[in-house]
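Coordinate analysis (summary)
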Amino acid sequence: MQVLTDMFVADPCPVTPCSGKTHAALAALKAARSGVYCGPLRLLACEVADRLNAEGVPCHLVST
């Protein structure tokens, strides 16, 4: 069985700090069949997981 997964990254950028990268990455993740979101901050990752689960998108948080 082959599993296809997309990765969505919203890394911090010093040039355009409020450019909507996280919003765009989450919109693409919600539209995908499966995927991985890699966030730059642990607190942001928690907020993303909570938000996705609240919107009915199954999501697990893995932090290192």
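Residues numbered from 1 in each chain as written. Predicted model: local features only at pLDDT ≥ 70, side-chain atom pairs only at ≥ 80, totals over all residues. Heavy atoms only, no water.

Comments concerning the overall build of the protein chain
Broken down by element type, the protein chain carries two helices and two strands. Reading the protein chain from its N end, one meets helices and strands in the order β-α-β-α. When the 64 residues of the protein chain are sorted by exposure, 16% land in the buried category. A separation threshold of at least 6 residues defines the contact pool for the protein chain, and within that pool the share at least 24 residues apart is 47%. Accessible surface, the protein chain: about 5000 Å² in total, of which carbon and sulfur atoms supply 61%. (Helix = DSSP H or I, 4+ residues; strand = E, 2+ residues; numbered from the N terminus. Buried < 20%, exposed > 50% of the residue type's maximum accessible area, 1.4 Å probe, protein only. Contact = heavy atoms within 4.5 Å. Areas by Shrake-Rupley, 256 points an atom, 1.4 Å probe, with all protein chains shown as cover.)

Description of the confidence of the model for the protein chain
Per-chain confidence: the protein chain averages 77 in pLDDT, with 72% of residues scoring 70 or above. Mean pLDDT values over the elements of the protein chain span from 58, in strand E1 (residues 6-9), up to 89, in helix H2 (residues 42-54). (pLDDT = per-residue confidence, 0-100.)

Describing the nonpolar core
Most often, soluble globular proteins have nonpolar side chains that are buried together. Counting six residues, the largest nonpolar core is built from Ala25, Leu26, Leu29, Tyr37, Val48 and Leu52. Of all elements in the fold, only helix H1 (21-31) and H2 reach the threshold of two or more residues within this core. (Core = buried A, V, L, I, M, F, W, Y, C linked by side-chain atoms within 4.5 Å.)

As for the environment of Val48
Examined against the element boundaries, Val48 turns out to sit in helix H2. The spatial distance from the C-alpha of Val48 to the C-alpha of Tyr37 is 8.7 Å, given a sequence separation of 11 residues. Among all residues touching Val48, those that are not within four sequence positions of it are Leu26 and Tyr37.

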